[in-house]
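Geometric and topological summary
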Amino acid sequence: MEDCGYGVRLLTSFDAVTDHPVEVDYFAMSLCTSGTASVTVNLDKYSIKPSDMLFFAPNDFVHIEAATVDFAMKQIYVTSVDLIREAATHILSFIKDVDSSRTFFIRERESYSKGERIMADFCTIYDFLSLVLANENSTSKYEQGVCIFRCLLLALRDKISARYRQGITESVSSALGYFNRFVILLSEHCKEHHEVSYYAGELHVTAQYLGRICRKYDGRGAKEIITDTLILQMKSTIKNTEKSLKEISYEYNFPNFSFMSRFFRRYVGITPSEFRARYREGAQG
């Protein structure tokens, strides 16, 4: 990651495909330039082809499961919250009622194709940022980054505004708005809160209504989404950290390790201890 708070990279089938989801801690715009790939973001699966774009946000679990040998994806990523905040000043305030611009990343998660025009525009910005980052004598990489990302966010604002004008995007008080906010709350509080009643209370709706809108927009009930998200995050913590399982049970707000172990086994089929052991055996092999 770059010290200036952003960077660019080219992902190929050789280095992009992994055997497990990876939790990201940055915002990213990714454009497929060749080949195809099967990508899972959190629990949603997508088939990516040239000119398709994907947006990632912090705390997303991204898994590029398979890709053709000619697969290539250019990615522009931002690790600095301050850079995003500075670049977004006075730009995204018109959607302040939608909690945050993260909603856009969540609901626009599906890949979308804009043809040759979007590829040309994205690649131009990608190439320019590559030159900025490669200039060892530059003392204004951060400032240049702010300017470039401000342009990207202006384009983002225009896209969202167009959706509002066309009546495609529903308001925050609509069912889709509630679902967006539920997803945001879940990404922020999944470890501490496992019950539908908590999220329904935060949204000031009934648990039954939250369940209905979840099934409408996701196909799963609210409880199932919470459980799937919780299991996904637990798997990542068990595999990718050295924390003891007792520490993890505390982190995920279970009464004790035994309770967490029973919960995990119910949905995964094996205990957390067995899951960690199998993962480490596979990694060593």
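Conventions used here
Residues numbered from 1 in each chain as written. Predicted model: local features only at pLDDT ≥ 70, side-chain atom pairs only at ≥ 80, totals over all residues. Heavy atoms only, no water. Axes fitted to C-alpha atoms, helices over the stretch in contact; angles between N-to-C directions. Helix = DSSP H or I, 4+ residues; strand = E, 2+ residues; numbered from the N terminus. Parallel < 35°, antiparallel > 145°, perpendicular 65-115°, else oblique. Left-handed = near helix turned anticlockwise from the far one by under 90°. Contact = heavy atoms within 4.5 Å. pLDDT = per-residue confidence, 0-100. Core = buried A, V, L, I, M, F, W, Y, C linked by side-chain atoms within 4.5 Å. Buried < 20%, exposed > 50% of the residue type's maximum accessible area, 1.4 Å probe, protein only. Pairing = 2+ DSSP bridges. Expected span 1.5 Å × (residues − 1). Nonpolar A, V, L, I, M, F, W, Y, C, P; charged D, E, K, R; others polar.

Things to note about the packing of helix H6 (residues 175–189) against helix H7 (residues 196–203)
Axis angle and axis distance: for two packed helices, these are the angle between their axes and the distance between the axes, and together they describe the pair. Contact geometry for H6 and H7: axes closest at 10 Å, N-to-C directions at 125 degrees. As judged from the angle between their axes, H6 and H7 are oblique. Relative to H7, H6 is oriented so that their crossing is right-handed. Across the interface between the two elements, Tyr178, Arg181, Phe182, Leu185, Leu186 and His189 from H6 touch Tyr198, Tyr199, Glu202 and Leu203 from H7.

Notes on the confidence of the model for the protein chain
Per-residue confidence for the protein chain averages 78 on the pLDDT scale, and 77% of its residues sit at or above 70. Taken element by element, the protein chain is modelled with least confidence in helix H3 (residues 102–107), mean pLDDT 38, and with most confidence in helix H11 (residues 257–268), mean pLDDT 95. Across residues 90–115, confidence stays below pLDDT 50; counting only partners more than four residues off in sequence or on other chains, it has 69 contacts. In this model, residues 164–172 is a region of pLDDT below 50 whose contacts with residues beyond four sequence positions or in other chains number 15 contacts.

A few points about the nonpolar core
Core analysis: the largest hydrophobic core is formed by 32 residues, its most contacted members being Phe182, Tyr199, Leu210 and Met234. The element that contributes the greatest number of residues to this core is helix H9 (residues 222–240), accounting for seven residues. Those residues in contact with Phe182 that sit more than four places away from it in its chain are Tyr199, Leu203, Leu210, Cys214, Ala222, Ile225 and Ile226. Core analysis: the second largest hydrophobic core is formed by 19 residues, Val8, Met29, Val78 and Ile148 among them.

Considerations on the sheet that holds strand E2 (residues 22–23)
Taken in spatial order, the four strands line up as E2-E7-E4-E5 in an open sheet, and their pairing is antiparallel. Looking at strand neighbours, the two that pair on one side only are E2 and strand E5 (44–48), the edges of this open sheet. Relative to E5, strand E4 (residues 37–41) runs antiparallel, the two being bridged by five bridges. Counted as the bridge partner of Ser38 is Ser47 from E5.

Things to note about H9
Between its terminal C-alpha atoms H9 stretches 27 Å, which fits the 27 Å expected from 19 residues at 1.5 Å a residue. The buried fraction of H9 is high, at 14 of 19 residues.

Overview of the packing of H9 against H11
It is the contact of H9 with H11, at a shortest axis distance of 11 Å, that shows an interaxial angle of 110 degrees. Put simply, H9 runs roughly perpendicular to H11. Across from Thr227, Leu230, Ile231, Met234, Lys235 and Ile238 in H9, the residues of H11 making contact are Met260, Phe263, Phe264, Tyr267 and Val268. Looking at side-chain class alone, the contact of H9 with H11 contains nine nonpolar, one polar and one charged residues.

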